[in-house]
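# Structure at a glance
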Amino acid sequence: MSLRFDVDAVVLDIEGTTSATGFVVDVLYPYARERFGELLAARGAEPEVARAVDQVRAEIGEPGADAARVEKVLGEWIDEDRKATPLKTLQGILWAEGFARGELVSHFYPDVIEVLRRWHADGVRLYVYSSGSVAAQRAWFAHSPEGDLLGLVSGLYDTVNAGPKQESGSYRAIAADTGDAAGRLLFLSDRPGELDAARAAGWRTAGVRRAGEPYADAEFGDHVQVSGFSEITLRARNSS
Ligand SMILES: CSCCC(=O)C(=O)COP(=O)(O)O
Ligand SMILES: [Mg+2]
């Protein structure tokens, strides 16, 4: 299957789309889980940590939850792969530090980096929209197996600066920020619910169904579908 889109920018989901869910679950999640206790105990007064802990307490309806209880809840959310904003904030703090120390290197499917470089060279702007925090996304692209890819990326969006991924308002907010007309933006994701929300905001969409990913057998309705990025050709307005 080969698909061509006339768009000015592409917005990328990470987990299941550019990168393997298995890597996130098997490498990143344990890395954070093992460090939550120390983060909460030693750095609980840091504003970003304190705010996230308060958000966990609010979400579970336990304003007095102590650090041990919060750590337990974070572990349960990891087990569910729940995309809760405070979990993602706290994971992002730990991962960014792990990437900076050289303890983590991100994962991209073999087709992805080459295609991202081609789209960028062809004048298509690249953005990221992930449940992973902006701090985590920045570290992820800065510490890839092929080095720092941040130069390819024009902007990063998460559930804090854009909103929930299954709500169309988030995609409207991103379009307002990039300055693109909705119909000139393409969203690539592994989750049909996210594609539905992007389409409701007027975006172009393509479902990425990679073998072995949790949503590979999901119902994608009439979203066009690919099994990898090499099946997609993008043409920006200013392409030669
Ligand atoms: C570098 S982000 C790490 C992955 C992650 O925590 C996540 O939640 C990704 O979800 P996505 O929205 O990209 O499917
Ligand atoms: Mg995803």
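Residues numbered from 1 in each chain as written. Chains lettered and ligands numbered in written order. Predicted model: local features only at pLDDT ≥ 70, side-chain atom pairs only at ≥ 80, totals over all residues. Heavy atoms only, no water.

In the annotation of an unreviewed UniProt entry, the protein chain is listed under the name Enolase-phosphatase E1 and assigned to Streptomyces huasconensis. Under Function (unreviewed entry), UniProt gives the following word-for-word description of the protein chain: "Bifunctional enzyme that catalyzes the enolization of 2,3-diketo-5-methylthiopentyl-1-phosphate (DK-MTP-1-P) into the intermediate 2-hydroxy-3-keto-5-methylthiopentenyl-1-phosphate (HK-MTPenyl-1-P), which is then dephosphorylated to form the acireductone 1,2-dihydroxy-3-keto-5-methylthiopentene (DHK-MTPene)." Under the heading Sequence similarities (unreviewed entry), UniProt records this for the protein chain: "Belongs to the HAD-like hydrolase superfamily. MasA/MtnC family." (UniProt positions renumbered as here; feature names shortened; annotations may be inferred.)

On to the overall build of the protein chain. Check the secondary structure of the protein chain and you find 8 helices and 8 strands. Computed over the C-alpha atoms, the radius of gyration of the protein chain is 18 Å, within 12% of the 18 Å expected from 2.2 N^0.38 for a compact globule of 240 residues. Referenced to the eigenvectors of the C-alpha coordinate spread, the extents of the protein chain come out at roughly 55 × 35 × 35 Å. Burial status across the protein chain gives 53% buried among its 240 residues. Counting only contacts in the protein chain whose residues sit at least 6 apart along the sequence, the fraction spanning at least 24 positions is 71%. For the protein chain, the computed accessible surface area is about 10400 Å², with 49% contributed by carbon and sulfur atoms. Here the protein chain carries 26 positive and 37 negative side-chain charges, and the mean point of each set is 4 Å from the other. (Helix = DSSP H or I, 4+ residues; strand = E, 2+ residues; numbered from the N terminus. Rg over C-alpha atoms; globule rule 2.2 N^0.38 Å. Buried < 20%, exposed > 50% of the residue type's maximum accessible area, 1.4 Å probe, protein only. Contact = heavy atoms within 4.5 Å. Areas by Shrake-Rupley, 256 points an atom, 1.4 Å probe, with all protein chains shown as cover. Lys, Arg positive; Asp, Glu negative; His and termini not counted. Charge placed at Lys NZ, Arg CZ, Asp CG, Glu CD.)

This part takes up the sheet that holds strand β5 (residues 185-189). Across the sheet, 6 strands lie side by side as β4-β3-β2-β5-β6-β7; this open sheet has parallel pairing. Only two strands of the sheet have a single partner each, and these edge strands are β4 (153-157) and β7 (224-226). Taking each pair of neighbouring strands and ignoring which way they run, the sheet shows an average axis angle of 25 degrees. Two elements, β5 and strand β6 (residues 204-208), share 4 bridges in a ladder whose sense is parallel. In the sheet register, Leu-186 faces β6, and the bridge partner there is Arg-204. This element, helix α6 (residues 134-142), spans β3 (125-129) and β4 of the sheet and lies at about 145 degrees to β4. This element, helix α7 (residues 168-178), spans β3, β4 and β5 of the sheet and lies at about 145 degrees to β3. (Pairing = 2+ DSSP bridges. Axes fitted to C-alpha atoms, helices over the stretch in contact; angles between N-to-C directions.)

Grouped together as the largest cluster of nonpolar side chains are 62 residues, with contacts concentrated most on Trp-119 and Leu-188. Among the elements that take part in this core, helix α1 (residues 21-43) stands out by supplying 9 residues, more than any other. Mapping this core onto the domain boundaries places at least three of its residues in each of domain 1 (3-19 + 106-235) and domain 2 (25-100). The residues contacting Leu-188, other than those within four sequence positions of it, are Val-10, Val-11, Leu-12, Asp-13, Thr-17, Trp-119, Ala-206, Val-208, Phe-229 and Ile-232. (Core = buried A, V, L, I, M, F, W, Y, C linked by side-chain atoms within 4.5 Å. Domains from an automatic or database assignment.)

Attention now moves to the coordination of the magnesium ion (ligand 2). All of the protein donors around the magnesium ion (ligand 2) are Asp-13 (OD), Asp-13 (OD), Glu-15 (O) and Asp-190 (OD); their distances to the metal are 2.2 to 2.6 Å. As a motif over one chain, the donors of the magnesium ion (ligand 2) read D-x1-E-x174-D. Of the two residues, Asp-13 is situated in the loop between β2 (9-12) and α1 and Asp-190 in the loop between β5 and α8 (192-200); the sequence distance between them amounts to 177 residues. Of the two residues, Asp-13 and Asp-190, both sit in the buried class. (Donors = N, O, S within 2.8 Å, 3.2 Å for Na, K, Ca; no water.)

Now for the domain arrangement of the protein chain. By domain assignment, the protein chain separates into domain 1 (3-19 + 106-235) and domain 2 (25-100). Look at where the C-alpha atoms of domain 1 and domain 2 centre, and you get two points 26 Å apart. Taken together, the 13 residues of domain 1 in the interface contact 12 residues of domain 2. Applying the counting criterion to the domain 1 and domain 2 interface returns 2 residue pairs in polar contact (both at pLDDT 80 or more). Classifying every residue of the side of domain 1 that touches domain 2 gives 5 nonpolar, 6 polar and 2 charged. (Polar contact = N/O pair within 3.5 Å; in protein donor to acceptor, adjacent residues only side chain to side chain. Nonpolar A, V, L, I, M, F, W, Y, C, P; charged D, E, K, R; others polar.)

Let us look at the site of ligand 1. Ligand 1 sits among 14 residues. The nearest are Asp-13, Lys-88, Ser-130, Ser-131 and Lys-165. Contact between ligand 1 and Ser-130: an oxygen atom at 2.7 Å from a side-chain N or O atom of the residue. The protein chains hide 99% of the 400 Å² of surface that ligand 1 would expose on its own. Counting atoms within 2 Å of the grid points, the majority share of ligand 1 lands in the largest pocket. At the level of secondary structure, the elements contributing two or more residues to the shell around ligand 1 comprise α1, α4 (85-100) and α6. Residues of the shell around ligand 1, tallied by class, amount to 6 nonpolar, 3 polar and 5 charged. (Near = heavy atom within 4 Å. 1 Å grid on protein atoms, 1.4 Å probe; cavity = no way out; pocket = protein on both sides within 12 Å on 5 of 7 lines; lining within 4 Å. Sits in = over half its atoms within 2 Å of the grid points.)

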